[in-house]
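Letter by letter, the chains look like this.
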Amino acid sequence: MSDVSAPACEPEGTASLPPPSVLGIFLVFLSIGATSFGGGVVAYLRSSLVGRQRWVDDETFLELLSICQSLPGLNASNMAILVGDRLRGTAGAAAALVGICLPGGLMMVVAAIAYGATHSRGNVVDGMLHGVSAAAVGMVLAVSVQLGLKTLTRYADLVFVALTIIGVEVLKQSVLVVLAVVGAMAIFWYRPGGAPHKGDLFAGLLPAKAPRPPQGPQSSDDGKGGGPGGAA
Amino acid sequence: MNQLLPLIAVFSYLSLLTVGGGMAAFPELKYLTVDVHHWVTFSQLIHLYSIGQMAPGPNMMMIAAVGQWVAGPLGALVVTLAFFLPTGLLTLLVGRLWVRLADWPWRASIQRGLGPVSIGLLLAGVISIGKGAITGWETFALSAAVFGVLIVTRTNPLPLIALAAVVGAYAFR
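About the thresholds
- Residues numbered from 1 in each chain as written.
- Chains lettered and ligands numbered in written order.
- Predicted model: local features only at pLDDT ≥ 70, side-chain atom pairs only at ≥ 80, totals over all residues.
- Heavy atoms only, no water.
- Helix = DSSP H or I, 4+ residues; strand = E, 2+ residues; numbered from the N terminus.
- Contact = heavy atoms within 4.5 Å.
- Buried area = accessible area lost by both parts, 1.4 Å probe.
- Salt bridge = Lys/Arg side-chain N within 4 Å of Asp/Glu carboxyl O.
- pLDDT = per-residue confidence, 0-100.
- Core = buried A, V, L, I, M, F, W, Y, C linked by side-chain atoms within 4.5 Å.
- Buried < 20%, exposed > 50% of the residue type's maximum accessible area, 1.4 Å probe, protein only.
- Polar contact = N/O pair within 3.5 Å; in protein donor to acceptor, adjacent residues only side chain to side chain.
- Axes fitted to C-alpha atoms, helices over the stretch in contact; angles between N-to-C directions.
- Left-handed = near helix turned anticlockwise from the far one by under 90°.
- Nonpolar A, V, L, I, M, F, W, Y, C, P; charged D, E, K, R; others polar.

K.L.:
Give a detailed account of the overall build of chain A, specifying residues and quantitative values.
P.N.:
Secondary structure assignment for chain A yields 8 helices and 0 strands. Once local pairs closer than 6 in sequence are excluded, the contacts in chain A between residues at least 24 apart make up 64%.

K.L.:
An account of the interface of chain B and chain A is needed here, citing residue identities and associated values.
P.N.:
Taken together, the contacts link 95 residues of chain B with 98 residues of chain A. Counting each side, the surface lost to burial between chain B and chain A is near 8,400 Å², with a carbon and sulfur contribution of 75%. Summed over the three residues of chain B that lose the most area to chain A, namely Pro56, Arg112 and Arg154 of chain B, the buried surface amounts to 9% of that side. Here chain B and chain A share 4 salt bridges between them. For the salt bridge of Asp157 of chain A with Arg112 of chain B, the shortest nitrogen-to-oxygen distance reads 2.7 Å.

K.L.:
Any chance you could break down the confidence of the model for chain B for me, citing the residues and the numbers?
P.N.:
In regions of low pLDDT, the predicted coordinates are not meant to be interpreted in detail. Confidence in the prediction of chain B, expressed as mean pLDDT, is 90, and 99% of residues score 70 or more. The element-level mean pLDDT for chain B is lowest in helix α7 (residues 158–171) of chain B, coming to 88, with helix α1 (residues 4–15) of chain B highest at 95.

K.L.:
Quick one: what's the story with the nonpolar core, residue by residue and with numbers?
P.N.:
In this structure, Phe29 and Leu49 of chain A together with Phe11 and Met62 of chain B are the most contacted members of the largest nonpolar core, which totals 105 residues. Ranked by the residues each element gives to this core, the list is headed by helix α4 (residues 75–118) of chain A, at 18 residues. Ignoring sequence-local partners within four residues, the contact set of Phe29 of chain A consists of Leu45, Leu49, Trp55, Ala80, Val83, Ala96, Gly99 and Ile100 of chain A. Core analysis: the next-biggest nonpolar cluster, separate from the first, contains 13 residues, Ala134 of chain A together with Leu142, Val146 and Ala165 of chain B among them.

K.L.:
Tell me about the environment of Val40 of chain B, and name the residues and values.
P.N.:
All names here are of chain B. Take Val40: it is sitting in the loop between α2 (26–36) and α3 (42–52). What makes Val40 buried here is its relative accessible area of 5%. On a C-alpha basis, the gap between Val40 and Val70 in space is 8.2 Å, while along the polypeptide they are 30 residues apart. Setting aside anything within four residues of it in sequence, one finds Val40 in contact with Thr33, Val34, Leu45 and Trp69.

K.L.:
Which residues make up the side chain of Arg46 of chain A, and what are the values?
P.N.:
Mapped onto the elements, Arg46 of chain A comes out in helix α2 (residues 41–52). Here the side chain of Arg46 of chain A touches Asp58 of chain A through a polar contact of 2.8 Å, side chain to side chain.

K.L.:
For the packing of α3 of chain B against helix α5 (residues 105–133) of chain B, give the residues involved together with the corresponding values.
P.N.:
All names here are of chain B. Interaxial distance between α3 and α5 falls to 9 Å at its minimum, and their mutual angle equals 115°. Here α3 and α5 pass one another in a crossing that is left-handed. Judged by residue contacts, Phe42, Ile46 and Tyr49 of α3 engage Ser128, Ile129, Lys131, Gly132 and Ala133 from α5. Of the residues belonging to the contact of α3 with α5, the class tally is 5 nonpolar, 2 polar and 1 charged.

Here it is as structure tokens:
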């Protein structure tokens, strides 16, 4: 998911390096796709692309991430496409997308086969999956809440969150309809010249930010706190 | 196989709903794969989704498992392409356009307005999966414990999920 709070990376020279080959792009994204266990792929992307490879600088990375968050598609795959496109155009985007999806996709195919083979047998497997499912709910809720504390900065945001949940879960409307209706309302609310974009609704609840690298600007709370609207 | 066309239709449609994260599409994923097409049961879907949380890469690669489940390796490939190609092309095109629209005032409004809606969709997805995964006080407690630990410590969730599997093997069989 979109945990932006990866260890930020030192902003030394990036732009002057020659762009990597399509194969190089594929291999780097393949290795991120194979090692980004535990969710938060965006954090892995950031430390690899901004930190190790220096293919984009941190400002560009956050800018591209804000584009991803307003578009359909997963943040991880959209980031792969946008970064790949910047480095090597369409071929780079395709290489990055295939690279990041391939390992997890193959693992899930194997998992589906194993699940089909074991499922009817053991209630130990059933019990394990039951436990994993409950843990997954807690994990996804934690990610949503952490993202929400950064994204929801005004009382109006809570209204839009509530309307969205009511539309999907109570009125049983299709996600597409809810997205179109509540999305249009929210965009109109924040229209140019409309309601102000910034607020500090949960500022007190946001962690004072744990391990921050010594280098780099210390005022990073403003820079990171904005969520999808932050780059506006 | 005659399931391939419905798989393509369902997963390319679902991909358009994943604004803010894969979880946003979960209510519709459940409706289409369980209630409409009967490809999986609700508990199978939740199991595959939960296993998918342990796989690396984009967190919805579990869709490949549904494809494999319905139509074998070809199904997995078709589903993955259907899920990533349409939104991928959109991202490629809009991404190029978006950079040029940096000064367009509505751009900030769109990004700002979709922020809370995407959080709402994520939470609706959590509610939807929770209805199937939380079946009693034990699962509720397990879920709440994982939530609490992650909120407080921001640790990598993988060990917690492994621990939950062990707890489940003893508690829920």
